[in-house]
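Commentary on secondary and tertiary structure
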Amino acid sequence: MNDEIRNLKPENVWRHFADICSIPHPSRNEAAIREHIVKFAEKNGLDYTVDGADNIIVRKPATAGMEDRKGIILQSHLDMVPQKNGDKVFDFEKDPIEANIDGEWVTANGTTLGADNGMGVAATLAVLESTELSHGYIEALFTASEEVGMDGAFGLQPGELKGDILINLDSETEGELYVGCAGGIDVNASLEYTPIEGCPEGYSAMQIEITGLRGGHSGMEIILQRANANKLLSRLLRGTASKYDIKLALVDGGGLRNAIPRESRAVVLVPDYYADPFIRDIESYEKLITQEFKAVEDSISIKALPAETPGSYIDEATALALIDAVCGCPNGVISMSTTMPNLVQTSSNLARVVSIEGSIGIQCLVRSSVNSEKFNLAADICSILRLAGADCDQSGAYDGWNPNMESPILKTMVKSYEKLYGKKPEIMAIHAGLECGIIGGIYPNLDMISFGPTICYPHSPDEKVNIATVDKFWNFLCYTLENAPMK
């Protein structure tokens, strides 16, 4: 299936992207893609290093006559977000991505595509193997496990990189140059309980399933105000648990910290004499939520189905505390920037709620371009979860990337884009977390910028990359390298 994309233009970029799709590389399972790049470097006679954080740095000398240009670091990350539709049978650690052409787009069959950040990796490999492109000294930095905590960027050591300019290839709208991004912090909570064994007499098990939500990238798509499956489930339980004397046995909602939850489920015990009105309430709730979110969701499904009787359930006090905590937990856009139009300043993604053997885990990812707001919101979330009896901690904090409007590479690339395409690019900051903030903290003298082709709905099975913009992205990258600033 991936072969049909190899003939797209530019062929050198799409060929590498097809290879990347054929190699499983979900976060923290990147050994195969790392081996692929190492073999590529050896085949092309390029010097490389694999550091202690599993980053790869590949070095390519300047072409003749370009030795006086500033060294450029092309930076992208190796991993992809593994998300699939509920009915899709797929193992991200074994199966190749099934990429295909759909009109003007390349998409995948029921899974994330991995254009985030496979397009950046593919373009970098095309630069490294080119014998026709003129450029100064190049370092290709392929970072590890960006999507689950920016592990590679955090593990990068001073002194490894020699370049003067870092070009991050992880942005997702062609025609925009990014000069700033949000920082982030994880909030993790654990609510312990003693399972109550057995099933009360006269009760039957039912599974509540919330599916069909669009989800998406918790930085890029959070502004779209899409539904959060964890919030919808807790809201449903809040309206039915006491009303029907329901016992909550299991909850499992969401997945990755940086993906808006698309699905959530709970196993509940319902008194037999309340089964019919309970199901009617579920049907009414589905209609209500479908109406509420009709502008941003088009296939919400909320069902109650017979389930296998669980061996235990959560005590009532803990269950109600959990429901209240999730309902009250801040989620979505919290504040908008007052200095840059249409930019989310602070947000939270209630990413994961799951019960396992006497413990309920809750995970949120907080993002903000204002550090004080980031830490304050994380503290607010912890306060709410602690009131429910949970243990709560904060981890993985990273700073944002502050814009430098006097950046030499920004000025160069604005002029280059205008010359190539007859218009100026948009200068933007992004609410998502790019690795530039972390790398800039380790290498404070780097001049940094980020750009890429148009990728829609990353971190969801709807992810797709626009074919025409990949060609523009590649041409712009080549032109930028050929016209890099002088030392």
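What you see is a predicted model; the values in this text were computed from it and never measured.

**Things to note about the packing of aromatic side chains**
The relation between two aromatic rings is expressed through the spacing of the ring centres and the mutual angle of the planes. The full count for this structure, using the stated rule, is 10 aromatic pairs. Each ring, one from Phe90 and one from Phe92, has its centre 4.8 Å from the other, and the planes form 65°; the classification is edge-to-face. Across this residue pair, the class does not change: Phe90 and Phe92 are buried. Plain terms: the ring middles of Phe154 and Tyr398 are 6.5 Å apart, the flat faces sit at 70° to each other, and that makes the pair edge-to-face. With a gap of 244 residues between them, Phe154 in helix α4 (residues 151-155) and Tyr398 in strand β21 (residues 391-398) connect regions that are remote in the sequence. The class of Phe154 is partly exposed, set by a relative accessible area of 39%. Under the relative-accessibility criterion, Tyr398 is labelled buried at 5%. Put simply, the rings of Tyr417, Tyr421, Phe451, Phe473 and Phe476 touch in pairs and so form one group of aromatic residues. The aromatic ring of Tyr457 is capped on one face by Arg214, whose charged end is 5.1 Å from the ring centroid.

**Some words on a nonpolar patch on the surface**
A cluster of nonpolar side chains, contributed by Ile223, Leu224 and Met336, occupies part of the molecular surface with about 220 Å² of accessible area. Relative to the helices and strands, Met336 resides in strand β18 (residues 332-336). Under the relative-accessibility criterion, Met336 is labelled partly exposed at 33%.

**Thoughts on unusual backbone geometry**
A cis amide bond, omega -5°, links Lys9 with the succeeding residue Pro10. Examined against the element boundaries, Pro10 turns out to sit in the segment before α1 (11-21). Here the bond from Asp116 into Asn117 is cis, since omega is 10°, no more than 30 degrees from zero. Note that Asn117 resides in helix α3 (residues 115-129). In the Ramachandran plot, Met150 falls in the positive-phi region, its phi being about 55° despite a non-glycine side chain. Here Met150 is to be found in the loop between β6 (138-143) and α4. Residue Met150 is classed as buried on the basis of its relative accessible area of 4%. The backbone of His459 shows a phi angle near 70°, a positive value even though the residue is not glycine. Along the chain, His459 falls in the loop between β24 (455-456) and β25 (464-466). For His459, a relative accessible area of 2% translates into the label buried.

**Regarding helix α9 (residues 408-421)**
The terminal C-alpha atoms of α9 lie 20 Å apart, and with 14 residues this matches the ideal 20 Å at 1.5 Å per residue to within 8%. Two or three places before Ile409, at the opening of α9, Ser407 has a side-chain oxygen 3.4 Å from that residue's backbone nitrogen. One or two residues past the end of α9 sits Gly422, with phi positive at roughly 75°.

**Re the nonpolar core**
Grouped together as the largest cluster of nonpolar side chains are 64 residues, with contacts concentrated most on Trp14 and Phe142. Among the elements that make up this core, the one with the highest residue count is α3 (9 residues). Leaving out residues up to four positions away in the same chain, Phe142 has contacts with Ile37, Asn55, Ile56, Val58, Ser76, Leu78, Val121, Thr124, Leu125 and Leu128. Of all hydrophobic cores here, the second largest spans 53 residues; its members include Leu191, Ala266, Ile323 and Ile362.

**A closer look at the sheet that holds β25**
Taken together, the 4 strands give an open sheet; going across it, the order is β4-β5-β25-β24, and neighbouring strands pair in antiparallel fashion. Edge positions in the sheet fall to β4 (99-102) and β24, since each of these pairs with one other strand and no more. Note that strand β5 (residues 105-108) and β25 share 3 bridges and pair antiparallel. Directly across from Trp105, in β25, lies its bridge partner Asn466.

**Some remarks on the packing of helix α5 (residues 229-240) against helix α7 (residues 316-328)**
Closest axis-to-axis distance for the α5/α7 pair is 9 Å, and the angle between their directions is 130°. One element, α5, and the other, α7, form an angle in the oblique class. α5 and α7 meet at a crossing whose hand is left-handed. Facing α5, whose interface residues are Asn230, Lys231, Ser234, Arg235, Leu237 and Arg238, α7 presents Ile323, Asp324, Val326, Cys327 and Gly328.

**Side note on the side chain of Ser171**
Mapped onto the elements of the fold, Ser171 is located in the loop between β7 (165-168) and β8 (176-181). By relative accessible area, Ser171 is classed as buried at 1%. Ignoring any residue separated from it by four or fewer positions in sequence, one finds Ser171 in contact with Tyr178, Leu434, Ser450, Phe451, Gly452 and Pro453.

Criteria and thresholds
- Residues numbered from 1 in each chain as written.
- Predicted model: local features only at pLDDT ≥ 70, side-chain atom pairs only at ≥ 80, totals over all residues.
- Heavy atoms only, no water.
- Phe/Tyr/Trp six-rings, centres within 6.5 Å; stacked < 30°, edge-to-face > 60°.
- Buried < 20%, exposed > 50% of the residue type's maximum accessible area, 1.4 Å probe, protein only.
- Helix = DSSP H or I, 4+ residues; strand = E, 2+ residues; numbered from the N terminus.
- Lys NZ or Arg CZ within 6 Å of the ring centre and 35° of its normal.
- Patch = residues over 30% accessible without salt bridge, like charges linked within 9 Å, V, L, I, M, F, W, Y side chains within 5 Å.
- Areas by Shrake-Rupley, 256 points an atom, 1.4 Å probe, with all protein chains shown as cover.
- Salt bridge = Lys/Arg side-chain N within 4 Å of Asp/Glu carboxyl O.
- Expected span 1.5 Å × (residues − 1).
- Polar contact = N/O pair within 3.5 Å; in protein donor to acceptor, adjacent residues only side chain to side chain.
- Core = buried A, V, L, I, M, F, W, Y, C linked by side-chain atoms within 4.5 Å.
- Contact = heavy atoms within 4.5 Å.
- Pairing = 2+ DSSP bridges.
- Axes fitted to C-alpha atoms, helices over the stretch in contact; angles between N-to-C directions.
- Parallel < 35°, antiparallel > 145°, perpendicular 65-115°, else oblique.
- Left-handed = near helix turned anticlockwise from the far one by under 90°.

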